[in-house]
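What follows is each chain in one-letter form.
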Amino acid sequence: MVWGGLCGVLCWSLVAYGGQATMGIVWPFLDQHTDAGARIHVDHQDSTIHLMFDENTDYVFGDHVEVVVEFRACESPSNPGQFDYCDWQYRVGIDAMGFVKSHQLIESSQQWPVLIWVSQWPKIIYERFQQVFPMHSSVIYTMIFGAREDYISDDIKSSFSGVGLIHLLVVSGAQIGLITGSVFALMRVFRVSFLISYLVILFTQLGYLVITGLDASILRSVIMTDLLLVHHFLLLRRYPYWWYLVIAGGAVCLVLPRAILTAGFWYSFLITLGLMVGTPVLMRHLKGPRFFLGYVSASMVAVMVAIPIQLFQSSVIQPMAMISNLWVSWMSTVVLFGGLLALCASLVVMPLGQWLGGGISVLTDVMVHLSQALGAFGPRISLDRVTII
């Protein structure tokens, strides 16, 4: 007991102040692959440690691995307006970050083969994407399934971020909301009973969460859409939309208590509230095709709500965000549904999936070039450096 306590104190000292330590870990269900190597979160000595490998590994869920880790003390920037990485780590629940210097398998996983297979879904799907989409397979994958397979170049990330389109490269409640609505509409076309439809939706959402992971935005969307469907089509009741937002907010705080400290939580909930309140007001004062006006109004409200959050988080203002979102955002919806259609088609007839994937790749290439062109045209105001780029 005494030695265990001393080892725990020593390990925590290394985490807090830097140094190397040898640790035994169990490979988690959720991992991430990038160009720079694998990334995982592990629990050790009542702390959550973010481990960064310099290569992608073949370890699977449940493998026992020994790693030699170099810990580096996190130092906050002296400029109060600059992004504080140490504060961000705390907000997302990371107590320390370690760089893996060496690693070896100690014992192979004893988990059920089906669980190991399910944990590999992101990798399996990404490899399929590489076959289906001749260009920008990494961008298309991230737009649909998020960044667990993160192979997007820094240049593309920078161009999207510079014009306020970085949200297109992050899985949020919008994707799962669109997928849920589309599955339900398809079930209605074939006159499937509500209970069967609801079960199909739940299994679809569960499968999507296995691939993307869970965050505040996704959980909010799942709770709101599921409750809305039950009330409207099973219980035949109507409640104000803000009521569902309040319920979702309470659930997120219970399930992911630290999420309220993250920018993603405030982006998701405040933009959703803005869309509920602001979009109808704008549409009442505009004349024209309702669908087009709805798209324009929603884009304008979302950008306006996001500006103060972004300013608080990263001290950056992107004047081109409004134009960029109006011009480019609709394409991401086409990529979402077209990409899923091409993926499903490839499972039946690969040439058909590749033919559809070629069109989606071209559209994605247009998005990338538009983001670069818009970035070159407009300024980017960085208040942490008091400069205009």
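Residues numbered from 1 in each chain as written. Predicted model: local features only at pLDDT ≥ 70, side-chain atom pairs only at ≥ 80, totals over all residues. Heavy atoms only, no water.

Participant: Any chance you could explain the environment of Gln104 here in plain terms?
Facilitator: Note on placement: Gln104 falls in strand S6 (residues 96-107). For Gln104, a relative accessible area of 41% gives the class partly exposed. If near-sequence neighbours (up to four positions away) are discounted, Gln104 is found in contact with Tyr59, His64, Val65 and Glu66. (Helix = DSSP H or I, 4+ residues; strand = E, 2+ residues; numbered from the N terminus. Buried < 20%, exposed > 50% of the residue type's maximum accessible area, 1.4 Å probe, protein only. Contact = heavy atoms within 4.5 Å.)

Participant: Please clarify how the layout of surface pockets should be interpreted in this entry.
Facilitator: The gaps of empty space that remain are located by a probe, the size of a water molecule, rolled over the atoms. The calculated volume of the second largest pocket comes to roughly 720 Å³. Lining the second largest pocket are 21 residues, and of these Phe145, Thr204, Leu340, Leu343 and Cys344 lie nearest its centre. When residues of the lining of the second largest pocket are traced back to their parent elements, those giving at least two are helix H4 (121-132), helix H7 (173-189), helix H8 (194-212) and helix H13 (321-348). Sort the elements by how many residues they give to the lining of the second largest pocket and H13 lands first, with 6 residues. Its residues placed into classes, the lining of the second largest pocket shows 17 nonpolar, 3 polar and 1 charged. (1 Å grid on protein atoms, 1.4 Å probe; cavity = no way out; pocket = protein on both sides within 12 Å on 5 of 7 lines; lining within 4 Å. Points joined across faces, edges and corners; volume = space filled by probe spheres on them. Nonpolar A, V, L, I, M, F, W, Y, C, P; charged D, E, K, R; others polar.)

Participant: Hey, could you run me through the packing of helix H6 (residues 154-162) against helix H14 (residues 350-377) in this one?
Facilitator: To characterise two packed helices, one gives the angle between the axes of the helices and the distance between these axes. Closest axis-to-axis distance for the H6/H14 pair is 8 Å, and the angle between their directions is 60°. Accordingly, the angle class assigned to the pair H6 and H14 is oblique. Our pair here, H6 against H14, has a crossing hand that is left-handed. Here Ile156, Ser159 and Phe160 of H6 lie close against H14, whose contacting residues are Met367, Val368, Ser371 and Gln372. For the contact of H6 with H14, the class distribution of residues is 4 nonpolar, 3 polar and no charged. (Axes fitted to C-alpha atoms, helices over the stretch in contact; angles between N-to-C directions. Parallel < 35°, antiparallel > 145°, perpendicular 65-115°, else oblique. Left-handed = near helix turned anticlockwise from the far one by under 90°.)

Participant: Where do I start with the pairing of strand S4 (residues 47-52) in this structure?
Facilitator: Consecutive side chains along a regular strand alternate between the two faces of the sheet. Within S4, 6 of the 6 residues are buried, which leaves the element mostly enclosed by the surrounding structure. Here S4 shows no split at all, with Ser47, Ile49 and Leu51 on one side and Thr48, His50 and Met52 on the other all buried. Bridging between strand S3 (residues 37-44) and S4 involves 6 bridges; their strand directions are antiparallel. Bridge pairing in S4 links His41 to His50. Hairpin geometry of S3 and S4 is characterised by an intervening segment of 2 residues between the two adjacent antiparallel strands and by a positive phi of about 50° at Gln45. Where S4 meets S6, 4 bridges bridge the pair, whose relative direction is parallel. (Pairing = 2+ DSSP bridges.)

As far as function goes, none of this settles anything; it's purely spatial.
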